[in-house]
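Examination of the molecular architecture
The lines below spell out each chain.
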Amino acid sequence: MILIADSGSTKTDWRVIGDDGKITQARTVGLNPFMTSHDKMVEVLKDELYPQLEANIREVYFYGAGCATDSSCAKVQNALALVFKGAEIEVDNDQLGAARALCGSEPGIACILGTGSNTCLYNGKQIIDNIPPLGYVLGDEGSGNHIGKELLNRYFRRELPTAISERLEKRFDVSKENVLDKVYHDPFANRYLAGFAKFVFQNLKDPYMTRMVYDIFAHFFNKTIARYENYEEYKIHFTGSIAFYFGNLLRQVANDKGLRVFNILETPIAGLTLFHQEALKS
């Protein structure tokens, strides 16, 4: 039995490929090693995941946000090894997972736009270039937390249309004290900021909001996609909730820049399952 995981900062999607080819699925909270302790990971794996599985797992392929260094990958691997004793375990970053899910065995630029963001240049086998995402404080252009951060910034700078500000105040506690406390003291500040993206999407018919998100995506293309050598020659693919729900606007920005977006997936887990099914056949 093969267990595959796509783990973001908020949630983890799991798939099991059985010996008979049957696919089963499960979901837990996100297991980002920069935000989740080793003990908490083990607790989630034992209490949330393991009861959902009906298989003796022999191989584990874990693709996760935050798995960008040897130490962070080792942290996740050690937690998995304590629960799935004797299994072969491979831990990679979520960007490789996105590339395999979106591009398969073809070259392309694979992008993640969810709570955070990331991109890479993929040659059909491995990642050959990556613009560092730098996290929600320094980077994560185009992401949910970028959208939330921009919305709040414009609210406090009194730039938002009155109607939008009033809707925001009715929906959230946007007092300066509460927002600053959430942003600077909450360990999951990125999730808090990304939580405003849904509000933006629900108000996207407002021309001001449309322009705000358009500019955010344009900034994303300028800061990341355009930094890859010969980027115009590659197919560009996306995965993540922001890319999926704001897909029409994302395609418009790309088109205005003379670029073409191909696949947009809400999550990469289906593509990853297909990738590993194909690997089994070969």
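Attention in this report is confined to the structure presented alongside it. All values derive from a computational prediction rather than experimental measurement. (Residues numbered from 1 in each chain as written. Predicted model: local features only at pLDDT ≥ 70, side-chain atom pairs only at ≥ 80, totals over all residues. Heavy atoms only, no water.)

Examining the overall build of the chain
Note the following rule: Each helix is a run of H or I in the DSSP string that is no shorter than four residues. Each strand is a run of E no shorter than two, and both are numbered from the N terminus. Computation of the radius of gyration draws on C-alpha atoms, with the globule rule given as 2.2 Å multiplied by the number of residues to the power 0.38. Categorising residues by exposure relies on relative accessible area from a 1.4 Å probe, with only protein chains included: less than 20% of the type maximum marks a residue as buried, more than 50% marks it as exposed, and the intermediate range marks it as partly exposed.
Scanning the chain from N- to C-terminus turns up 13 helices and ten strands. Here the chain has a C-alpha radius of gyration of 19 Å; the compact-globule value for 282 residues is 19 Å, and the two agree. Considering only C-alpha atoms, the chain reaches an extent of 60 × 45 × 30 Å along its principal axes. Evaluated residue by residue, the chain yields a buried proportion of 50% over its 282 residues.

Some points on a negative patch on the surface
Worth spelling out the cut-off: Patch criteria: residues need more than 30% relative accessible area and no salt bridge. Like-charged residues are merged within 9 Å; nonpolar side chains of Val, Leu, Ile, Met, Phe, Trp and Tyr are merged within 5 Å. In this description, accessible areas are obtained by the Shrake-Rupley approach with a 1.4 Å probe, and a residue is regarded as covered only by the protein chains that are shown. When a carboxyl oxygen of Asp or Glu lies within 4 Å of a side-chain nitrogen of Lys or Arg, that pair is called a salt bridge. Here the positive residues are Lys and Arg and the negative ones are Asp and Glu; neither His nor the chain ends is included. Just so you know, the charge point we use is NZ for Lys, CZ for Arg, CG for Asp and CD for Glu.
A cluster of like negative charges, contributed by D129, E229, E232 and E233, occupies part of the molecular surface. Within the fold, E232 resides in the loop between α10 (207-223) and β9 (236-239). You can call E232 exposed: its relative accessible area is 52%.

Some details on the sheet that holds strand β2 (residues 11-17)
The strands making up a sheet associate through hydrogen bonds between their backbones, and the pairing can be parallel or antiparallel. Test applied: Strand pairing is assigned whenever DSSP detects at least two bridges linking the two strands. Axis angles are defined between N-to-C directions and span 0 to 180 degrees, where every axis is a line fitted to C-alpha atoms and, for a helix, only to the segment in contact.
If you trace the five strands from one edge of the open sheet to the other, you get β3-β2-β1-β4-β5, paired in mixed fashion. Lying at the two open borders of the sheet, with one neighbouring strand each, are β3 (23-29) and β5 (88-93). Between one strand and the next, the sheet's axes are offset by a mean angle of 15°, whatever the strand orientation. Taken together, the six bridges between strand β1 (residues 2-7) and strand β4 (residues 59-64) define a ladder with parallel strand orientation.

Concerning the packing of helix α3 (residues 94-103) against helix α13 (residues 269-281)
Let me state the cut-off plainly: Any angle that is under 35 degrees is reported as roughly parallel, and any over 145 degrees as roughly antiparallel; angles of 65 to 115 degrees are reported as roughly perpendicular and all others as oblique. Residues count as neighbours in contact if any of their non-hydrogen atoms are within 4.5 Å of one another. The classification used treats Ala, Val, Leu, Ile, Met, Phe, Trp, Tyr, Cys and Pro as nonpolar, Asp, Glu, Lys and Arg as charged, and all other residues, Gly among them, as polar.
Their axes nearest at 8 Å, the elements α3 and α13 cross at an angle of 75°. Between α3 and α13, the angle falls in the class roughly perpendicular. Where α3 abuts α13, its residues G97, R100 and A101 lie against G271, L272, F275 and H276. A class-by-class count of the residues in the contact of α3 with α13 yields three nonpolar, three polar and one charged.

A short note on the sheet that holds strand β7 (residues 117-122)
Judged by pairing direction, the sheet is mixed, and its five strands sit side by side in the order β8-β7-β6-β9-β10 without closing on themselves. The sheet is open, and its two borders are formed by β8 (127-129) and β10 (261-265), each paired with just one other strand. Averaged over all neighbouring strand pairs, the angle between strand axes comes to 30°, with direction disregarded. Here β7 runs beside β8; their pairing, made up of two bridges, is antiparallel. Bridging from a neighbouring strand, L121 pairs with D129 of β8. Where α10 meets the sheet, it contacts β6 (108-113), β7 and β9, and its direction lies at approximately 140° from that of β6.

Quick word on the pattern of salt bridges
Per the counting criterion, the structure on display carries eight salt bridges. Salt-bridge contacts for R154 lead to E150; the nearest nitrogen and oxygen are separated by 2.7 Å. Placement of the pair is R154 and E150 together in helix α5 (residues 144-156), with a separation of four residues, close to one helical turn. Bridged by salt links that share partners, the residues K11, D13 and R27 form one connected network.

As for the packing of helix α1 (residues 38-49) against helix α2 (residues 70-83)
This is how it is decided: In this scheme the handedness of a crossing depends on how the near helix is turned from the far one: anticlockwise by less than a right angle means left-handed, clockwise means right-handed.
Interaxial distance between α1 and α2 falls to 9 Å at its minimum, and their mutual angle equals 40°. Here α2 runs oblique to α1, going by the angle between their axes. Between α1 and α2 the crossing geometry is right-handed. On the side of α1, the interface is formed by H38, M41, V42, L45 and K46, while α2 contributes K75, V76, N78, A79, L80, L82 and V83. Its residues placed into classes, the contact of α1 with α2 shows eight nonpolar, two polar and two charged.

Describing a nonpolar patch on the surface
A surface patch of nonpolar side chains, about 350 Å² in accessible area, is lined by L134, V137 and L138. If you trace the backbone, L134 turns up in the loop between β8 and α4 (135-138). According to the relative accessible area criterion, L134 is exposed, its value standing at 54%.

A short note on the pairing of β9
Because side chains alternate across β9, one face comprises the buried residues I236 and F238, and the other comprises H237 and T239, equally buried. Where β6 and β9 come together, four bridges link them in parallel fashion. Paired with I109 across the strands is I236, a residue of β9. As paired strands, β9 and β10 are joined by three bridges and run parallel to one another. For T239, the partnering residue across the bridge sits in β10 and is L265.

Points about the packing of aromatic side chains
In plain terms, the rule: Note on aromatic contacts: the rings of Phe and Tyr and the six-membered ring of Trp form a pair at centre separations within 6.5 Å, being stacked when their planes are under 30 degrees apart, edge-to-face when over 60 apart, and tilted otherwise.
Enumeration according to the criterion identifies 13 aromatic pairs in this entry. Each ring, one from F172 and one from F196, has its centre 4.5 Å from the other, and the planes form 50°; the classification is tilted. Separated by 24 residues along the polypeptide, F172 in the loop between α6 (162-171) and α7 (176-185) and F196 in the loop between α8 (189-194) and α9 (197-202) bring together distant segments of the chain. What makes F172 partly exposed here is its relative accessible area of 23%. Note on F196: relative accessible area 1%, which makes it buried. Ring centres of F201 and F246 lie 5.4 Å apart, and the angle between their planes is 75°; on these two criteria the pair is classed as edge-to-face. One end of the pair, F201, is in helix α9; the other, F246, is in the loop between α11 (241-245) and α12 (247-256), with 45 residues separating them in the sequence. A relative accessible area of 35% places F201 in the partly exposed class. Taken together, F201, F217, F244, Y245 and F246 form an aromatic cluster joined through their ring pairs.

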